[in-house]
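So you can see what is in the structure, the chains are spelled out below.
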Amino acid sequence: MPRSSALALTFAPGMTDPTAAHTADEVSALVARARDGDVLAFQRLYERSAGRVFAVCVRMTGDRDRARELAHDAFVRAWERLNSFRGEAQFDTWMHRLTVNVVLEARRSERRREARVGLAEDEGTERQMERAGARPAGDVLARVDLERAIAALPPNAREVFVLHDVEGYRHDEIAERMRLAPGTVRAHLHRARQLLMRMLSR
Amino acid sequence: MNAHISWDTLNDLADGLLPGADRERADRHLHVCPDCTAALADLRSTVGRVAELANELAPPDELWSEIRSTIDARKVASLRTHGFARARGWWMTPRRLAVAAVTLIVLSSGTTAVLLRQAGGPGATLSPSSGPGVLLPASWQSAERGYLASVEELREQVEAQRDRLSPSTIAAVEQTLATIDVAIAEARAALLRDPANAALSELLASNYRQKVELLRRAAQLDAST
C-alpha cells in the first residue's frame with residue numbers, strides 16, 4: 001500500500017513535511033484526544049495528513065473540485081470512525097486507506113447511476129484522446145505535465161494507474177478494492193500507461 | 001520469438017510479473033530487437049516519472065472550515081433519518097433537538113469556561129453576556145456581519161414556512177436557537193475579554209456556524225415534520 005521506497009518523497013512548494021511535526025506517541029495522543037471529541041486535536045491530525053489525502057483524491061478523480069468534496073468526506077468519515085482506529089497501523093496509513101475507500105465508493109455510486117454512460121465515457125474519453133493527443137499538432141499542444149496527463153486519463157484507467165504506479169498497490173489489492181477481475185485491472189493499467197506515453201511524448 | 005513483444009507482455013516484464021520461461025524468451029528477444037528494447041525503456045521511463053509527483057498537494061484553504069462545519073453540525077444534532085433523501089436534508093425529532101440543545105449548552109459553556117480559566121487563571125468567570133452592540137475585535141467584525149446577514153436571510157425563509165410546520169417542531173427549533181444564542185453570547189463575551197485567544201475565536205465561529213447550519217436545515221423542512 002505505501003508508495004514504493006524507490007520513490008522520493010517530495011512536497012508541494014510551500015509545504016513542509018508534517019510527519020516531522022509529531023512523533024508516533026504525539027500522534028497517538030492526538031488521536032486519543034480527537035476520539036474523545038477534541039476537534040482541535042483532530043485539526044492537528046488534519047493538518048498533518050490533508051496534503052496527502054488531497055493528492056490521492058485529485059489524482060484518482062482528475063478533478064480538483066470533486067477531490068475537495070471527497071477529501072471533505074474522508075475527513076468527516078475519519079472523525080466519525082476514530083473509534084474504529086485501534087492503532088494497529090499508523091494513523092497516516094489508516095487515513096490513506098480510508099480515503100481510497102471513500103473515492104472508490106463514490107466512483108461506484110456514480111457508475112451505478114450512469115452505468116452505460118459511464119462505460120461510454122471511458123471509451124469516449126479514450127477516443128478523444130487518441131484523436132487529439134496521439135500526435136500533438138505542432139506547438140498548439142505544449143508538453144503536457146504529468147499531473148494533467150494523469151487527470152486526462154479515462155476514469156478506470158486513471159484510478160488503476162494512480163493506485164498501482166503512484167500509490168504502490170498490488171494488482172490483487174486493486175482488484176479487491178475496485179471489485180474488478182485482476183485481468184481487468186491489468187488491462188486498465190497497461191492502457192493507462194500507453195495513453196500517458198502518448199500524451200507525454202513530444 | 002520473431003514477432004515483437006506485445007504491449008501487455010512488455011508491461012508484465014517491466015513490472016517483474018513474467019514467469020521464468022516467458023521472461024527468458026523476452027530477454028532473448030530484447031537482445032536482438034532495438035525497437036522492443038526502446039519501447040521497454042520508454043515504458044519504464046514513463047512509469048518512473050511518477051517520482052516527479054509531489055507526495056502531497058495543498059488543499060483549498062477553506063477545506064478545514066468546511067470539515068469543521070460538518071463536524072459541528074453533526075455534534076449538535078443526530079444525522080439524517082434513514083429513508084430521507086439527501087435533497088431533503090437530515091432531520092430529527094423534537095426530543096432529539098432538545099437533547100442536542102442541552103448537549104450544546106454543556107459543551108459550549110464548559111469549553112468557554114475552560115478557555116477563560118486558562119486565560120485569566122483560577123476564578124476567572126464569564127462576564128455578563130454582551131450583544132452584537134458591543135463590537136468585537138476589528139478582525140472579527142466583518143465575519144460577524146457576514147454571519148448575521150446569513151442568519152437574517154435564513155430566518156426569513158424559516159418564517160415563510162412557519163405555518164406548515166408542527167407546533168412541536170417550531171418549539172424545538174426555537175429552543176435550540178435560543179440555546180445557540182446563549183452559547184454565542186458567552187463566547188462573544190469571553191472573546192471581548194481575551195481578544196487574542198485563538199481558541200475562543202474558533203469557538204465563537206463554531207457557534208455561529210451551528211446557528212447558520214440549523215437555520216438552513218430548518219428552512220428545508222417540509223410539512224411532514
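A. Geometry of the overall build of chain B. Scanning chain B for helices and strands turns up eight helices and zero strands. Listed by position from the N terminus, the elements making up chain B come as α-α-α-α-α-α-α-α. Here chain B, with 225 residues, has 42% of them falling under the buried criterion. Look at the contacts in chain B between residues 6 or more apart in sequence, and 74% of them connect residues 24 or more apart. Taken as a whole, chain B presents about 11500 Å² of accessible surface, with 56% of it coming from carbon and sulfur.

B. Spotlight on the overall build of chain A. Scanning chain A for helices and strands turns up nine helices and zero strands. Expressed as a percentage of contacts within chain A between residues at least 6 apart in sequence, the contacts between residues at least 24 apart total 69%. Carbon and sulfur atoms make up 50% of the accessible area of chain A, which amounts to about 10200 Å² in all.

C. Here's a closer look at unusual backbone geometry. Residues and elements named next belong to chain A. Positive phi is not limited to glycine here, since Arg-179 has a value of about 60°. When you line up the elements, Arg-179 lands in the loop between helix H8 (171-178) and helix H9 (182-200). A relative accessible area of 62% places Arg-179 in the exposed class.

D. View of the nonpolar core. One finds Phe-42, Phe-91 and Phe-161 of chain A to be the most contacted residues of the largest nonpolar core, which totals 64 residues. Take this core: its biggest share by element is 13 residues, from helix H2 (residues 39-61) of chain A. In this structure, Val-158, Ala-205, Leu-214 and Leu-215 of chain B belong to the second largest nonpolar core, which totals 23 residues.

E. Structural view of the packing of H2 of chain A against helix H3 (residues 64-80) of chain A. All names here are of chain A. Orientation of H2 relative to H3, taken along the N-to-C sense of each, is 140°, at an axis distance of 9 Å. The pairing of H2 with H3 is recorded here as oblique in orientation. Of the two elements, H2 crosses H3, and the hand of that crossing is right-handed. When H2 is examined against H3, the residues Val-39, Phe-42, Tyr-46, Ser-49, Ala-50, Val-53, Phe-54, Cys-57, Val-58 and Thr-61 are found in contact with a partner set consisting of Arg-64, Arg-66, Ala-67, Arg-68, Leu-70, Ala-71, Ala-74, Phe-75, Ala-78 and Trp-79. Of the residues in the contact of H2 with H3, the class split is 15 nonpolar, two polar and three charged.

F. Inspection of the interface of chain B and chain A at higher detail. Taken together, the contact between chain B and chain A spans 32 residues of the former and 49 residues of the latter. Note on chain B versus chain A: buried area summed over both sides is about 4000 Å², and carbon and sulfur give 62% of it. Counting across the interface, chain B meets chain A through four salt bridges. We note a salt bridge from Asp-15 of chain B to Arg-193 of chain A, for which the minimum N-O separation is 2.8 Å. Linking chain B to chain A there are 11 residue pairs in polar contact (both at pLDDT 80 or more).

G. Seen up close, the confidence of the model for chain A. Residue and element names in this part refer to chain A. For chain A, per-residue confidence averages 80 on the pLDDT scale, and residues scoring 70 or more make up 73% of the total. Mean pLDDT in chain A bottoms out at helix H5 (residues 115-133), which sits at 52, and peaks at helix H7 (residues 155-166), which reaches 96. Long-range and interchain partners of residues 1-20, a stretch whose pLDDT sits below 50, account for 45 contacts in this model, where long-range means more than four residues apart. Here residues 131-143 is a poorly scored stretch, pLDDT under 50, and it has 11 contacts once near neighbours within four places are set aside; other chains count.

H. Here's a closer look at the environment of Arg-48 of chain A. Residues and elements named next belong to chain A. Here Arg-48 shows up in helix H2. We classify Arg-48 as buried; its relative accessible area is 9%. Distance from Arg-48 to Asp-92, taken between C-alpha atoms, is 8.6 Å for residues 44 residues apart in sequence. A distance of 2.9 Å separates a polar atom in the side chain of Arg-48 from a polar atom in the side chain of Asp-92.

I. Highlighting H3 of chain A. End to end, H3 of chain A covers 24 Å across 17 residues, agreeing with the expected 24 Å (1.5 Å per residue, within 8%). Its side-chain oxygen 2.9 Å from the backbone nitrogen of Asp-65 of chain A, Asp-63 of chain A forms the N-cap of H3 of chain A.

Conventions and cut-offs
- Residues numbered from 1 in each chain as written.
- Chains lettered and ligands numbered in written order.
- Predicted model: local features only at pLDDT ≥ 70, side-chain atom pairs only at ≥ 80, totals over all residues.
- Heavy atoms only, no water.
- Helix = DSSP H or I, 4+ residues; strand = E, 2+ residues; numbered from the N terminus.
- Buried < 20%, exposed > 50% of the residue type's maximum accessible area, 1.4 Å probe, protein only.
- Contact = heavy atoms within 4.5 Å.
- Areas by Shrake-Rupley, 256 points an atom, 1.4 Å probe, with all protein chains shown as cover.
- Core = buried A, V, L, I, M, F, W, Y, C linked by side-chain atoms within 4.5 Å.
- Axes fitted to C-alpha atoms, helices over the stretch in contact; angles between N-to-C directions.
- Parallel < 35°, antiparallel > 145°, perpendicular 65-115°, else oblique.
- Left-handed = near helix turned anticlockwise from the far one by under 90°.
- Nonpolar A, V, L, I, M, F, W, Y, C, P; charged D, E, K, R; others polar.
- Buried area = accessible area lost by both parts, 1.4 Å probe.
- Salt bridge = Lys/Arg side-chain N within 4 Å of Asp/Glu carboxyl O.
- Polar contact = N/O pair within 3.5 Å; in protein donor to acceptor, adjacent residues only side chain to side chain.
- pLDDT = per-residue confidence, 0-100.
- Expected span 1.5 Å × (residues − 1).

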